[in-house]
Amino acid sequence: FKEPLFYFLLTDRMQLWHEQAHQYRTEMLDFKKLTSEAMTGIKNDHSMMFKDLKGASARVDLVETEMDYVETQNSPRACANNAEKVLEQEAWAKQPLEIFNLSNVFTARNCVEIISGIRSVKILKRIGSPKGMWTRDPKSSKLYVFNGTSGDTVYEFKSVRDFSTSLGVAGSRMIHLPSKWTGPGSAVYNGYLYYINQETDTDVQVVKFDLMSGSVTDTAMFPMERHASLYTLNPETVADLAVDDEGLWLLFTPTDSEPNISLAKMDTSTLDIEQIWDTQCPRGNAEAAFVVCGTVYVVYNTRMASRSRVQCVFDVNDMMLTEEAPLLYFPRRYGAHASLKYNPEENQLYGWDDGYQIIYRLTIKTKLLFIILPPKER
């Protein structure tokens, strides 16, 4: 009696399990079908959304192109300032020096070129902090990356290609400096690194560092307030070193109350100051500047990052006519430039924009006044 009952109960339970398993399997197949249909719908929606975004991006690029054209046709030209005011050098040296007259002004007669436009833009990659600096030595293929706004480490790459194909800073040579660089205002020229170091409240030090031997070869102290920022939109930049066909330049402001950017021509060997100018280009809303053939181009923006533009130009040679001051607008990409470094061998700007490394290829032309003037008056 017990065995048939046990067998009956076991058979009944197995039948129940079979029915439940069949039900679960049916429900799973239905769920799989619904999921598959939903995934197909999501893929289709994603594809349509991607096409819409691609179309929107193309329309935005078209609008930016049209804006560039409208701005270049209707915007006021950049303010072109002449070398009318030369600053006294006494505050910059241990011994008083003479005040230079205009007849003694530094001249770069062999360099008579002016920027006429931005030919192309190449976004290379994105590494590091929103602010930083990268530049190439005009006398070699080596590239240098300064991540952040201060530090004692520089990353050296063999070439732009090596940098663009690397993962972050992998594959670079790490160079440890004996003191910190302050702000994204360094420059590299002919195997030497020139950087700003500010560790006191009253002085700024320009350091010349031999990248081959790894040693400091010279330093120069300049009186600047610790909290004085050269560009109000980039307060971390206390001074900015620039390189062009004529050598090394220093953009600075002695005090935070000084409204304009000052310019100094430096001797690359001794770091002596050869000449100082008041560019008459305001520091307010300035984000960066660079020098090409003895002409300073100051780039301005707004607090809420918009389109960077050259709004003030200063020519140390007084060879630029007001009507040929360039209408130069940078294509809007991410935020604002933390630094812009000119390479005279390539006619290119190396820009750092919100962590993106960007190359701007420039169009260069001869200054109109050089063409007009007879050879004896040039």
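Cut-off values and rules
- Residues numbered from 1 in each chain as written.
- Predicted model: local features only at pLDDT ≥ 70, side-chain atom pairs only at ≥ 80, totals over all residues.
- Heavy atoms only, no water.
- Helix = DSSP H or I, 4+ residues; strand = E, 2+ residues; numbered from the N terminus.
- Contact = heavy atoms within 4.5 Å.
- Areas by Shrake-Rupley, 256 points an atom, 1.4 Å probe, with all protein chains shown as cover.
- Phe/Tyr/Trp six-rings, centres within 6.5 Å; stacked < 30°, edge-to-face > 60°.
- Buried < 20%, exposed > 50% of the residue type's maximum accessible area, 1.4 Å probe, protein only.
- Lys NZ or Arg CZ within 6 Å of the ring centre and 35° of its normal.
- Patch = residues over 30% accessible without salt bridge, like charges linked within 9 Å, V, L, I, M, F, W, Y side chains within 5 Å.
- Salt bridge = Lys/Arg side-chain N within 4 Å of Asp/Glu carboxyl O.
- Pairing = 2+ DSSP bridges.
- Axes fitted to C-alpha atoms, helices over the stretch in contact; angles between N-to-C directions.
- Core = buried A, V, L, I, M, F, W, Y, C linked by side-chain atoms within 4.5 Å.

**Student:** Please clarify how the overall build of the protein chain should be interpreted in this entry.
**Tutor:** When helices and strands are counted, the protein chain shows 3 helices and 21 strands. In the protein chain, the proportion of contacts linking residues at least 24 apart, taken out of those at least 6 apart, comes to 56%. Put simply, the protein chain shows about 20000 Å² of open surface, and 54% of that area lies on carbon and sulfur atoms.

**Student:** Teacher, can you tell me more about the packing of aromatic side chains here?
**Tutor:** The geometry of two aromatic rings is summed up by the distance between their centres and the angle between their planes. Applying the stated criterion across every chain yields a total of 7 aromatic pairs. Plain terms: the ring middles of Trp134 and Tyr350 are 4.8 Å apart, the flat faces sit at 80 degrees to each other, and that makes the pair edge-to-face. Taken as a pair, Trp134 in strand S3 (residues 132-136) and Tyr350 in strand S20 (residues 348-353) lie far apart in primary sequence, 216 residues in all. Assessed through its relative accessible area of 0%, Trp134 is described here as buried. Where Phe146 meets Trp181, the ring centres are 5.5 Å apart and the plane angle is 85 degrees; that geometry is what we call edge-to-face. Placement of Phe146 in strand S4 (residues 143-147) and of Trp181 in strand S6 (residues 173-182) is noted, with a sequence separation of 35 residues between them. We classify Phe146 as buried; its relative accessible area is 1%. An aromatic cluster of at least three residues, connected via ring pairs, comprises Trp134, Phe157, Phe163 and Tyr350. In this structure, Lys208 is placed above the aromatic ring of Tyr192, and the distance from its NZ or CZ to the ring centre is 4.4 Å. The ring centre of Trp249 lies 5.5 Å from the NZ or CZ of Lys265, which sits over that ring.

**Student:** Is there a simple way to think about a nonpolar patch on the surface in this case?
**Tutor:** A cluster of nonpolar side chains, Leu10, Met14, Leu16 and Trp17, forms an exposed patch at the surface whose accessible area comes to about 400 Å². By relative accessible area, which is 49% here, Met14 ends up partly exposed.

**Student:** I tried to follow the pairing of strand S17 (residues 309-315) on my own but got confused; where do I start?
**Tutor:** The side chains of a regular strand alternate between both faces of the sheet. With 6 of 7 residues buried, S17 lies mostly within the body of the structure. One ladder, built from 6 bridges, connects strand S16 (residues 295-300) with S17; its direction is antiparallel. Paired with Thr295 across the bridge in S17 is Asp315.

**Student:** Help me out: how do you make sense of the sheet that holds strand S8 (residues 192-197) in this one?
**Tutor:** Strand pairing in a sheet takes place through backbone hydrogen bonds and is either antiparallel or parallel in direction. The strand order S7-S8-S9-S10 describes an open sheet built from 4 strands, whose pairing is antiparallel. Every other strand in the sheet has two partners, leaving strand S7 (187-189) and strand S10 (215-223) as the edge strands with one partner each. Each neighbouring strand pair of the sheet contributes to a mean axis angle of 20 degrees, computed without reference to strand direction. Pairing analysis gives 6 bridges linking S8 to strand S9 (residues 203-210), with the strands arranged antiparallel. By the bridge assignment, Ile196 is partnered in S9 with Val206.

**Student:** Any chance you could explain the side chain of Ser229 here in plain terms?
**Tutor:** Looking at where Ser229 falls in the secondary structure, it is placed in the loop between S10 and strand S11 (239-244). With residues up to four places along the chain from it excluded, the contact list for Ser229 reads Pro235, Thr237, Thr253, Asp256 and Arg283.

**Student:** Quick question: what am I supposed to make of the environment of Arg303 here?
**Tutor:** Tracing the chain through its elements places Arg303 in the loop between S16 and S17. Each C-alpha atom of the pair Arg303 and Thr232 lies 9.4 Å from the other, and the pair is 71 residues apart in sequence. Arg303 has contacts with Thr232, Leu233 and Asn285, leaving out every residue within four places of it along the chain.

**Student:** Can you help me understand the sheet that holds strand S5 (residues 150-157) in this one?
**Tutor:** Pairing is antiparallel across the open sheet formed by 4 strands, whose spatial order is S3-S4-S5-S6. Unpaired on one side and paired on the other, S3 and S6 mark the two borders of the sheet. Averaged over neighbouring strand pairs, the angle between their axes works out to 20 degrees when direction is ignored. Bridging between S4 and S5 involves 3 bridges; their strand directions are antiparallel. Residue pairing across strands places Tyr144 opposite Glu156, the latter belonging to S5.

**Student:** Sorry if this is basic, but what is going on with the nonpolar core here?
**Tutor:** The tendency in soluble globular proteins is for nonpolar side chains to be buried as a group. One finds Phe290, Tyr297 and Phe330 to be the most contacted residues of the largest nonpolar core, which totals 22 residues. Of all the secondary-structure elements, those providing two or more residues to this core are strand S2 (113-126), strand S15 (286-292), S16, S17, strand S19 (337-343) and strand S21 (356-366). If one sorts the elements of this core by residue count, S21 sits on top with 4 residues. Residues contacting Tyr297, with those up to four places away along its chain left out, are Ile114, Ile115, Ala288, Ala289, Phe290, Val292, Val310, Cys312, Val313, Met320 and Pro326.

**Student:** For this particular structure, what's the right way to read the environment of Ala170?
**Tutor:** Mapped onto the fold, Ala170 is located in the loop between helix H2 (160-165) and S6. By relative accessible area, Ala170 is classed as partly exposed at 43%. A C-alpha to C-alpha distance of 9.5 Å links Ala170 and Phe157, two positions 13 residues apart in sequence.

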